[in-house]
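Commentary on secondary and tertiary structure
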Amino acid sequence: MKKLTTITAIILIMFLIEGCDKDYRDRYTGDWDFVTEISYMNSRLELLDSETVCYSGKIAPGSSESEIIIQYTENDKVTAWIDSNGSSIWTDGAIKYPNGWFDKKGTMYLSFLVYLQHDGAIGHTIRGTKIKKGGKNE
């Protein structure tokens, strides 16, 4: 009986250790494939033009506990903050109407607007799929 209790305790401890993230951002950082829809709008936010950009980028941890940096095109990256379960992504005040999330299947979504100094805005809608370490997407 003592042996069974010891084995059960060891198994429970192993599950607890595996279930605890030292840094929850580790679940989201790494290599990602991004498909980004970039929309160009006038001052009334009417669509003028759009383009789709596919890019293999990275998500890296930022300097604060909940901060991440998303490099989603060759020239575009955004600093964002996430909650511990990835259900909410938000950005700083320069970026308007951020909306985003991560799911447990290795996908993410983020959309926001960047207002231009001389009227108009550029919208970014980013969909990402995390690349497995073996090179295949999840």
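Here is what the cut-offs are and how they apply
- Residues numbered from 1 in each chain as written.
- Predicted model: local features only at pLDDT ≥ 70, side-chain atom pairs only at ≥ 80, totals over all residues.
- Heavy atoms only, no water.
- Helix = DSSP H or I, 4+ residues; strand = E, 2+ residues; numbered from the N terminus.
- Buried < 20%, exposed > 50% of the residue type's maximum accessible area, 1.4 Å probe, protein only.
- Contact = heavy atoms within 4.5 Å.
- Areas by Shrake-Rupley, 256 points an atom, 1.4 Å probe, with all protein chains shown as cover.
- pLDDT = per-residue confidence, 0-100.
- Salt bridge = Lys/Arg side-chain N within 4 Å of Asp/Glu carboxyl O.
- Core = buried A, V, L, I, M, F, W, Y, C linked by side-chain atoms within 4.5 Å.
- Patch = residues over 30% accessible without salt bridge, like charges linked within 9 Å, V, L, I, M, F, W, Y side chains within 5 Å.
- Pairing = 2+ DSSP bridges.
- Axes fitted to C-alpha atoms, helices over the stretch in contact; angles between N-to-C directions.

Before going further, it helps to examine the overall build of the chain. Counting secondary structure elements, the chain contains 1 helix and 8 strands. Tracing the chain from N to C terminus, the helices and strands come up as α-β-β-β-β-β-β-β-β. By residue count, 32% of the 138 residues in the chain fall in the buried class. A separation of at least 24 residues holds for 40% of the contacts in the chain among residues at least 6 apart in sequence. When the accessible surface of the chain is split by element, carbon and sulfur atoms take 56% of a total near 9300 Å².

In low-pLDDT segments, the atomic positions of the prediction should not be examined closely. Confidence along the chain averages 85 in pLDDT terms, with 83% of residues attaining 70 or more. Ranking the elements of the chain by mean pLDDT puts helix α1 (residues 2–19) last with 62 and strand β1 (residues 30–41) first with 97.

Another point: the pattern of salt bridges. Taken as a whole and assessed by the stated rule, the structure comprises 2 salt bridges. Between K58 and D31 there is a salt bridge; the shortest N-O distance is 2.4 Å. Of this pair, K58 sits in strand β2 (residues 47–61) while D31 sits in strand β1, and the two are 27 residues apart along the sequence. Of the charged contacts in the structure, one is a salt bridge between R44 and E46, with a shortest N-O distance of 3.2 Å.

Here we come to the nonpolar core. F34, I70, F102, M108 and L110 are the most contacted members of the largest nonpolar core, which totals 18 residues. Contributing elements (two or more residues each) for this core: β1, β3 (67–71), β4 (77–82), β6 (95–102) and β7 (107–115). Discounting residues that sit within four places of it in the chain, F102 has contacts with Y28, W32, I59, I68, I82, G86, I89, T107 and M108.

Another point: a nonpolar patch on the surface. A cluster of nonpolar residues, L45, Y97 and Y115, forms a patch on the protein surface that exposes about 330 Å² of accessible area. Structurally, Y97 can be placed in strand β6.

Let's shift gears to the side chain of T36. Residue placement: T36 occurs in strand β1. Of the residues examined, T36 reaches a relative accessible area of 0% and is grouped as buried. Setting aside its immediate chain neighbours within four residues, T36 contacts E51, T52, V53, Y72, T73, H124, T125 and I126.

Moving on, we come to the pairing of β7. In this structure, β6 lies alongside β7, joined through 6 bridges in antiparallel fashion. Each residue of the ladder has a partner; that of K96, found in β7, is L113. Between β6 and β7, which follow one another and run antiparallel, lie 4 residues, and G106 among them has a positive phi close to 85 degrees. Here β7 pairs with strand β8 (residues 121–130) via 9 bridges, running antiparallel. Across the sheet, residue M108 finds its bridge partner in β8, namely G128. Count of turn residues in the β7/β8 antiparallel hairpin: 5 residues, of which D119 carries a positive phi of about 70 degrees.

Let us look at the sheet that holds strand β5 (residues 89–91). Pairing is antiparallel in the open sheet, where 8 strands are placed in the order β5-β4-β3-β2-β1-β8-β7-β6. Only two strands of the sheet have a single partner each, and these edge strands are β5 and β6. Strand-to-strand twist across the sheet, computed as the mean angle between neighbouring axes with direction ignored, equals 30 degrees.

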